[in-house]
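Overview (structure and organization)
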Amino acid sequence: MLIASNLHEADPLVARERAAGEAVFVEKDDNSAIRRLADEAARYDLQSHGGKRLECYLILDNLTSLWLLQTVGIPQKVSEKVDVFATTVEDLLAKTIFVRLPGIPVMFPPLDRDVISRDSEMTVHLVLVGFSSQAEALAINAALVAHYPNYCRDNRLRTRITIIDDNVYIGKERMVQRYVHLFDNSYYRTIDLNDVNPQCVVHRPVYESKRKDFVDVEWEFVNGNIRNDAVRQKLSEWSGDKRQQLTICLCHADCNRNFNEAFALPQVVYEMQVPILCHAEGYDRLFDFVNSNMAYSSIYPFGKSYCTIKILRMLRALAQRVNYVYNHCFSLTPDDPVTAPSSIDVNVMESQWQQIGSLPKQYSNIFNAMTLGTKMHSIGHTSDNWKEYYALTLEEINMLTEVEHNRWSVEELILGYRPVTEEERRFVEDDISQKKTLRDRKVHYDLRAFEDLRSDCTAKNVNVYDMALIQGIPLIIKTCITD
């Protein structure tokens, strides 16, 4: 079932699902879409469907509505009957651009075009020009997927996300307030290029002097535009810097402005073939002509016509398997070797997925699934050869286990969790059962550096879950391709 807010009947997302015989409801706004979800849940009879929940893809109009569902969840009377995967067009488009999935071709270059191994000195740098809703969706999805092994060796090698806008403060304040715990624990800097003497204001993580850094993404907010000489100079420098993999994304709310700016960047940007993603609804035919010219072959237009629900279906299938592997590891005793399961029982997997109990925890599995392609690329594999890949070496497992913890940390901060205070830390260490009490209040004891992870109520160090999830990657991917 598809429920879409503020889309037209002729929209490709709607038309494709309807043509495939799916139940489709187009509602005027998010409130009506949520009401439709509640109504469909109320009339859905679990018993007549063998206890299987109704699968629903909910396309909301507003990023705040999506954020609320991801962090707060939905009522139990709805979740026990409907398996909801909520998104927005902007969020789905960001996943279309950044996420690598088995069996789904991608038309856009990855953020990590060259492999970033543990020994690499390269970092990913995403520059977003224009602070629209699309820019925020791209920024958050990039923060969810762009995690690499070299940060584990050198904490200075973070992914950087730069946002440039004529009035960057409005978007920055909204984003910092919405993702307060992410930004409390991150490095970010702000610079106003309209000042006579621009000064860089740096925010440092709240526990910088007391705890080891564990957030591998940093941020930069620039008040200005691409006509500014300082911005143009930086874009030129970044384009020629062999230690960073630069991607530029033009995402003003005005697609005409994006189209114009796509051809007005410093010349070195085109010469170095830096990927330029341009949000330009309705300019597809023009870009067909433009891309035939080598001078502008690195410009990639994107718009909602590129979106497909197939991406959400594949992410859901992968996420179910991630959850299965996690549950397998949780059931191990402290004396058992840390291993992923040898196979996946689909019936048990679906039952476990239904028992998750909260939408935020469901998204945690989805966000893990979004990074399988990134992790495989970090050890030299692309989606073209996933079918032939059967196991990871011990060295690869150990390397990616720490990457997984760093990724999970950013994910949890985005989902509204925060680290413990010193008082809360002592509270848990006096009584480990209190860890869950705090977690229910969205305070997570495990939000800390990998090397500082401790044991949980099962007496296992929590790093074993990361290790099992990494060991399970080939199984997760292969069963999703073959089942």
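This write-up is about the structure you can find in this document. Computed from a predicted model, the values in this text were never measured in an experiment.

**Describing the overall build of the protein**
- A count of helical and extended segments in the protein gives 22 helices and 14 strands.
- On C-alpha atoms alone, the protein measures out to a radius of gyration of 22 Å, which is about the 23 Å that the 2.2 N^0.38 rule sets for 483 residues.
- Principal axes of the C-alpha set define a box for the protein whose edges measure 60 × 55 × 45 Å.
- Counting across all 483 residues of the protein, residues that qualify as buried make up 57%.

**Re empty space enclosed by the protein**
- Per the counting criterion, the structure on display carries three cavities of 30 Å³ or more.
- Considering only enclosed or pocket space, the largest cavity measures out at about 110 Å³ in volume.
- Residue lining of the largest cavity: 13 residues in total, with Leu-66, Gln-70, Asp-91, Ile-140 and Tyr-179 positioned closest to the centre.
- Counting residues per element, the ones that place at least two in the lining of the largest cavity are helix 3 (63-71), helix 5 (89-98) and helix 6 (133-145).
- Ranked by residues supplied to the lining of the largest cavity, first place goes to helix 6 with five residues.
- Put simply, the second largest cavity is a space of about 80 Å³.
- Lining of the second largest cavity is provided by Tyr-151, Cys-152, Asn-155, Lys-212, Asp-213, Phe-214, Glu-402, Asn-406, Ala-449, Phe-450 and Glu-451.
- Residues that form the lining of the second largest cavity fall into these classes: five nonpolar, two polar and four charged.

**Regarding the state of the cysteines**
- Applying the stated criterion across every chain, the model contains zero disulfides.
- Of all cysteine sulfurs, the one in Cys-255 lies closest to Cys-278, which takes part in no disulfide; the gap is 7.6 Å.
- Cys-278 gets classed as buried once you look at its relative accessible area, which sits at 0%.
- Cysteine Cys-329 remains unbridged, with the sulfur of Cys-457 as its closest cysteine sulfur at 12 Å.
- The exposure class assigned to Cys-329 is buried, which follows from its relative accessible area of 0%.

**Structural notes on the sheet that holds strand 7 (residues 188-192)**
- Sheet architecture is open: eight strands sit in the order 8-7-9-6-5-10-11-12, paired in mixed fashion. Looking at the sheet topology across the chains shown, the edges are occupied by strand 8 (200-203) and strand 12 (299-302). Within this sheet the neighbouring strands show an average axis-to-axis angle of 15°, counted without direction.

**A closer look at the pattern of salt bridges**
- Going through the model one piece at a time under the given rule, you end up with 39 salt bridges.
- Notably, a salt bridge pairs Lys-304 with Asp-11, separated by 3.4 Å at the nearest N-O pair. Remark: Asp-11 occurs in the loop between strand 1 (2-5) and helix 1 (12-19) and Lys-304 occurs in the loop between strand 12 and helix 14 (309-330); sequence separation between them is 293 residues.
- For Asp-11, a relative accessible area of 6% gives the class buried.
- Notably, a salt bridge pairs Lys-234 with Glu-237, separated by 3.7 Å at the nearest N-O pair. Taken together, the residues Lys-234 and Glu-237, both in helix 10 (residues 229-240) and three residues apart, mark about one turn of the helix.
- Through salt bridges with shared partners, a single network forms among Arg-211, Glu-422, Arg-425, Glu-429, Arg-448, Asp-452 and Arg-454.

Definitions and cut-offs
- Residues numbered from 1 in each chain as written.
- Predicted model: local features only at pLDDT ≥ 70, side-chain atom pairs only at ≥ 80, totals over all residues.
- Heavy atoms only, no water.
- Helix = DSSP H or I, 4+ residues; strand = E, 2+ residues; numbered from the N terminus.
- Rg over C-alpha atoms; globule rule 2.2 N^0.38 Å.
- Buried < 20%, exposed > 50% of the residue type's maximum accessible area, 1.4 Å probe, protein only.
- 1 Å grid on protein atoms, 1.4 Å probe; cavity = no way out; pocket = protein on both sides within 12 Å on 5 of 7 lines; lining within 4 Å.
- Points joined across faces, edges and corners; volume = space filled by probe spheres on them.
- Nonpolar A, V, L, I, M, F, W, Y, C, P; charged D, E, K, R; others polar.
- Disulfide = S-S within 2.5 Å.
- Pairing = 2+ DSSP bridges.
- Axes fitted to C-alpha atoms, helices over the stretch in contact; angles between N-to-C directions.
- Salt bridge = Lys/Arg side-chain N within 4 Å of Asp/Glu carboxyl O.

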